[in-house]
Every structure is written in structure tokens, then in C-alpha cells.
Amino acid sequence: MSAERPGLFAGADGTLRCRWCESTPAYQHYHDKEWGFPVTDDRRLFEKLCLEGFQAGLSWLTILNKREAFRRAFADFDAERVARFGPKDVERLLGDAGIVRHRGKIESTINNAQRVLELREEFGSLAAYAWGFEPDLASRPPRITHAALQTMSTSPESVAMSKDLKKRGWSFVGPTTVYAFMQAMGLVNDHVEDCHARELALAARAKLRLPR
């Protein structure tokens, strides 16, 4: 199978999926139901930007397995609540074994929550801001293959968004982190050709009403 369809595997149910989710059923569920499907909910967008920052140096599966603990620790990623976290909250979070206990990333999440509120003042929502960086389809590879994905850890749009976020005071938002965010939140559809979820994600994007 892998020789004929690089980047894909057939699950126990015979369904073709992107190979990166092969390791656990939970990973496959995330791939089938979330990754690459378009999101316009500010809480989910903020959560993903934060968790991508926490992932730096780790695997996404590690973060996914801790996601519920992260949600409890960070007030379900309600930016207004997280923006009010102070030094006592930082110490509390450093003692929470359910999350990644990295002071810099914890403080970055609080800082970035405050920056979300500023973006809302200017753009109306984090979603309106983020989707403004959606790539033009003409700039994307004509086919999303395993080989094509090996060359795409960033994009011109993720570089531009990263640069703009940093200018606005965000942290842990490098171009690779931002591209992973774009992949997960459906700003790009990087499900490999013939992955069963690719067409589902495309259909969801076609129905999406973008915030303005």
C-alpha cells in the first residue's frame, strides 16, 4: 500500500487516511473530524495557536493527549479570562502535571490572550484576522501529494502572518507554527490526495461563510 500510495494508509475499516495519524485511534479521530476542516470560532482558533506553541520540540500527539488538561488549565481558552491571568496563575500552571510545564510558553499564552483582545478591537474577531491570510488557491500545489508536503513546512502566507503577529507582540508564532495552525484550522487543505477526509474538508470549506 505505502509503495503505491505514499503518505496514506488503510485503517482497519479499509478507509484511506493520511499516514501521520496511523499510530492511535485518537489520532485517527482527530484527523477524520478536525484536522483540515475550516474553523471560524475564536476560542478554537486561539486554542490551536496556543497549543501549536506548546508543541514546539514535541509531537502533536503528546499535546493532543493533554488537550483536555490544557483546556481546564487555561479556562477553556477563553481569551478574555486568560488575559487576566497573573503571576499566581503562572505558578499554578507550572505545578499542573497535566500540561506542558514551560514557563515561557505559559507566559506566552497569557500574553497572546491579551493580544487577541487587541485584534478583536481592530478586526472584529480573531477569525476575521486569521482568515485574511488564507492562501489563494492558485498559489497552492495542483495536487497535495506526500512529496509536495515534504517541501511545505511554511508558506508565504504563514511567513507573512507570523511576521505580523510578532509585530503585534505575539510570541511562539514562528512561520512553521503558523503553517501548522493553518493546516489544522482549514486555511489550507493538506490532506493527501485520495485521503477520504480531503473531499469532506473541501466540501466544508465550500459551505463556509467567512467573518468580515
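Provided above is the structure to which this section pertains.
So, a few notes on the structure that sits alongside this text. Being a predicted model, the structure only gives us computed values, none of them experimental.

Right, let's get into the overall build of the chain. The helix and strand tally for the chain stands at twelve helices and two strands. Beginning at the N terminus, the succession of helices and strands in the chain can be written as β-β-α-α-α-α-α-α-α-α-α-α-α-α. For the chain, whose C-alpha radius of gyration is 17 Å, the value lies close to the compact-globule estimate of 17 Å for 212 residues. Long-range pairs, those at least 24 residues apart, make up 64% of the contacts in the chain with a sequence separation of at least 6. As displayed, the chain offers around 10,500 Å² of accessible surface, 51% of which is attributable to carbon and sulfur atoms. When the 31 positive and 28 negative side-chain charges of the chain are each reduced to one mean point, those points stand 2 Å apart.

Contact pair helix 2 (residues 42–55) / helix 11 (residues 175–184): the axes reach a minimum separation of 9 Å and the direction vectors enclose 140 degrees. Considered as vectors, helix 2 and helix 11 are oriented oblique to each other. For the pair helix 2 and helix 11, the crossing hand works out as right-handed. Contacts from L45, K48, L49, E52 and G53 of helix 2 reach helix 11 at T177, A180, F181 and A184.

This part covers empty space enclosed by the protein. Taken as a whole, this structure holds two cavities of 30 Å³ or more when the rule is applied. By volume, the largest cavity is sized at about 80 Å³. Looking at the largest cavity, the residues that line it are Y30, E34, W35, R44, E47, K48, L51, W60, R67, A184 and M185. Per-element tally for the lining of the largest cavity: the top contributor is helix 2, with four residues. Across the lining of the largest cavity, the residue classes tally to six nonpolar, no polar and five charged. The calculated volume of the second largest cavity comes to roughly 60 Å³. Lining the second largest cavity, in full, are L49, C50, G53, F54, K105, S108, T109, N112, S171, F172 and V173. Of all the secondary-structure elements, those providing two or more residues to the lining of the second largest cavity are helix 2 and helix 7 (103–123).

Ranked by internal contacts, the top residues of the largest apolar core, which has 56 residues, are F70, F74, M161 and M182. For this core, the leading source of residues is helix 2, giving six residues. Of all hydrophobic cores here, the second largest spans seven residues; its members include F37, V192, C195 and A197.

With that settled, the discussion passes to the pattern of salt bridges. For the structure on display, the rule yields 21 salt bridges. As a salt-bridge pair, R43 and E47 come within 3.4 Å of each other at their nearest N and O atoms. Residue R43 and its partner E47 are both found in helix 2; the two are separated by four residues, about one turn of the helix. When its relative accessible area of 26% is taken as the criterion, R43 is described as partly exposed. The closest approach of N and O atoms between K48 and E52, which form a salt bridge, is 2.8 Å. Within this pair, K48 and its partner E52 are both found in helix 2, separated by four residues, close to a single helical turn. The burial state of K48 is the same as that of E52; both residues are buried. Each member of the salt-bridge network shares a partner with another, and the members are R43, E47, E68, R71 and D76.

Its twelve residues give helix 10 (residues 156–167) an end-to-end C-alpha distance of 17 Å, which sits within 8% of 16 Å, the value for a rise of 1.5 Å per residue. What helix 10 keeps buried is the set E157, S158, M161, S162 and L165. Along helix 10, the residues classed as buried sweep out an arc of 130 degrees about the axis, all on the same side. Seen from the open side of helix 10, the exposed residues pointing more than 90 degrees away from its buried face are P156, K163 and K167.

Parameters at a glance
- Residues numbered from 1 in each chain as written.
- Predicted model: local features only at pLDDT ≥ 70, side-chain atom pairs only at ≥ 80, totals over all residues.
- Heavy atoms only, no water.
- Helix = DSSP H or I, 4+ residues; strand = E, 2+ residues; numbered from the N terminus.
- Rg over C-alpha atoms; globule rule 2.2 N^0.38 Å.
- Contact = heavy atoms within 4.5 Å.
- Areas by Shrake-Rupley, 256 points an atom, 1.4 Å probe, with all protein chains shown as cover.
- Lys, Arg positive; Asp, Glu negative; His and termini not counted.
- Charge placed at Lys NZ, Arg CZ, Asp CG, Glu CD.
- Axes fitted to C-alpha atoms, helices over the stretch in contact; angles between N-to-C directions.
- Parallel < 35°, antiparallel > 145°, perpendicular 65-115°, else oblique.
- Left-handed = near helix turned anticlockwise from the far one by under 90°.
- 1 Å grid on protein atoms, 1.4 Å probe; cavity = no way out; pocket = protein on both sides within 12 Å on 5 of 7 lines; lining within 4 Å.
- Points joined across faces, edges and corners; volume = space filled by probe spheres on them.
- Nonpolar A, V, L, I, M, F, W, Y, C, P; charged D, E, K, R; others polar.
- Core = buried A, V, L, I, M, F, W, Y, C linked by side-chain atoms within 4.5 Å.
- Buried < 20%, exposed > 50% of the residue type's maximum accessible area, 1.4 Å probe, protein only.
- Salt bridge = Lys/Arg side-chain N within 4 Å of Asp/Glu carboxyl O.
- Expected span 1.5 Å × (residues − 1).
- Arc of directions from axis to C-beta.

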